[in-house]
Amino acid sequence: MCGIVGYVGHRDALPVLLEGLRRLEYRGYDSAGVALRPADPGLWIRKSVGRVSDLTARLEAPPAARLGIAHTRWATHGGVTDGNAHPHTDAAGRVALVHNGVIENMTQLKGALEKDGVRLVSETDTEVLAQLIGRY
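Keep in mind the model is a prediction, meaning the values are calculated, not measured.

Caption draft 1: Layout of the overall build of the protein chain. Within the protein chain one finds four helices and six strands. Judged by the C-alpha coordinates and their principal axes, the protein chain covers about 40 × 35 × 20 Å. The buried share among the 136 residues of the protein chain stands at 43%. A fraction of 63% describes how many contacts in the protein chain between residues 6 or more apart in sequence connect residues 24 or more apart. Summed over all atoms, the accessible surface of the protein chain reaches about 7,200 Å², with 53% contributed by carbon and sulfur. Distance between charge centroids for the protein chain: 4 Å, based on 16 positive and 15 negative side chains.

As C-alpha cells, then:
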C-alpha cells in the first residue's frame, strides 16, 4: 500500500502535498518523499525513511513551486531505504514518478534497461518505470 498526492494550482504546492501525506500516512510508514517542479528548470526531490515528520525535518530551503507529487510507502519491491523511497526519476532527472502497485515484468524490463547501459539506483519496480518513461 501507499499514499499518493499530487497538486497543480495557484498555491504553494509543498504545504498542500505535506498535508495530503499526513492524511494518508496510515497507508505507509516505511518512507515518504516529495518532488516539486519549481519555476527554474529541474526537479527538487527530497525523500526519507520513516514517517512524514522525518521527511519534513529534511526539507531545508524548498523552492516555491505550484506543481508537485508526494508519496508515502509500505515497501513491496526493495528494502526500506532512502534510495528506494519514492519519487523515482529517469536518468536525466526530467521525469519524477510515484506509483502504487506491482509491475509484474519488472525483472525483464530491468534486464533490458541494464543491457542498454541504464544504471538503476534503487531496487524498486517504480524506478524501472520512470527509466522507461524517460527513455522513450
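Caption draft 2: Expanded view of the sheet that holds strand 3 (residues 44–49). Across the sheet, which stays open at both edges, the four strands sit in the order 1-4-2-3 with antiparallel pairing between neighbours. The two strands at the open ends of the sheet, each matched to only one other strand, are strand 1 (2–8) and strand 3. Across the sheet, the axes of successive neighbouring strands diverge by a mean angle of 10°, strand direction being ignored. As paired strands, strand 1 and strand 4 (residues 65–73) are joined by seven bridges and run antiparallel to one another. By the bridge assignment, G6 is partnered in strand 4 with I69.

Caption draft 3: The side chain of Q131, seen in detail. If you trace the backbone, Q131 turns up in helix 4 (residues 125–135). Relative accessible area serves as the criterion here: at 6%, Q131 is assigned to the buried category. Only 2.9 Å separates the side chain of Q131 from the backbone nitrogen of A91, close enough to count as a polar contact.

Caption draft 4: Spotlight on the nonpolar core. In terms of nonpolar packing, the biggest core is built from 17 residues, with L17, L21, V34, L36 and L59 touching the most fellow members. Mapped by element, the contributors of at least two residues to this core are strand 1, helix 1 (13–24), strand 2 (31–38), helix 2 (52–57) and strand 4. Counting residues per element, this core draws most heavily on helix 1, which supplies six residues. The contact partners of L17, leaving out residues within four places of it in the chain, are V5, G6, Y7, V34, A35, L36, G68, I69 and A70. Judged by nonpolar contacts, the second largest core, of seven residues, contains I103, M106, V128 and L132.

Caption draft 5: Broad picture of a nonpolar patch on the surface. On the surface, Y26, Y29 and W74 cluster together into a nonpolar patch covering about 310 Å² of accessible area. Following the sequence through the fold, W74 ends up in the loop between strand 4 and strand 5 (88–89).

Caption draft 6: Seen up close, the packing of helix 3 (residues 106–115) against helix 4. Helix 4 packs onto helix 3 with a crossing angle of 50° between their chain directions and a minimal axis gap of 10 Å. Classed by the angle they form, the pair helix 3 and helix 4 counts as oblique. Helix 3 and helix 4 meet at a crossing whose hand is left-handed. Of helix 4, the residues touching helix 3 (which contributes M106, L109, K110 and L113) are D125, V128, Q131, L132 and R135. The residue makeup of the contact of helix 3 with helix 4, split by class, is five nonpolar, one polar and three charged.

Conventions adopted
- Residues numbered from 1 in each chain as written.
- Predicted model: local features only at pLDDT ≥ 70, side-chain atom pairs only at ≥ 80, totals over all residues.
- Heavy atoms only, no water.
- Helix = DSSP H or I, 4+ residues; strand = E, 2+ residues; numbered from the N terminus.
- Buried < 20%, exposed > 50% of the residue type's maximum accessible area, 1.4 Å probe, protein only.
- Contact = heavy atoms within 4.5 Å.
- Areas by Shrake-Rupley, 256 points an atom, 1.4 Å probe, with all protein chains shown as cover.
- Lys, Arg positive; Asp, Glu negative; His and termini not counted.
- Charge placed at Lys NZ, Arg CZ, Asp CG, Glu CD.
- Pairing = 2+ DSSP bridges.
- Axes fitted to C-alpha atoms, helices over the stretch in contact; angles between N-to-C directions.
- Polar contact = N/O pair within 3.5 Å; in protein donor to acceptor, adjacent residues only side chain to side chain.
- Core = buried A, V, L, I, M, F, W, Y, C linked by side-chain atoms within 4.5 Å.
- Patch = residues over 30% accessible without salt bridge, like charges linked within 9 Å, V, L, I, M, F, W, Y side chains within 5 Å.
- Salt bridge = Lys/Arg side-chain N within 4 Å of Asp/Glu carboxyl O.
- Parallel < 35°, antiparallel > 145°, perpendicular 65-115°, else oblique.
- Left-handed = near helix turned anticlockwise from the far one by under 90°.
- Nonpolar A, V, L, I, M, F, W, Y, C, P; charged D, E, K, R; others polar.

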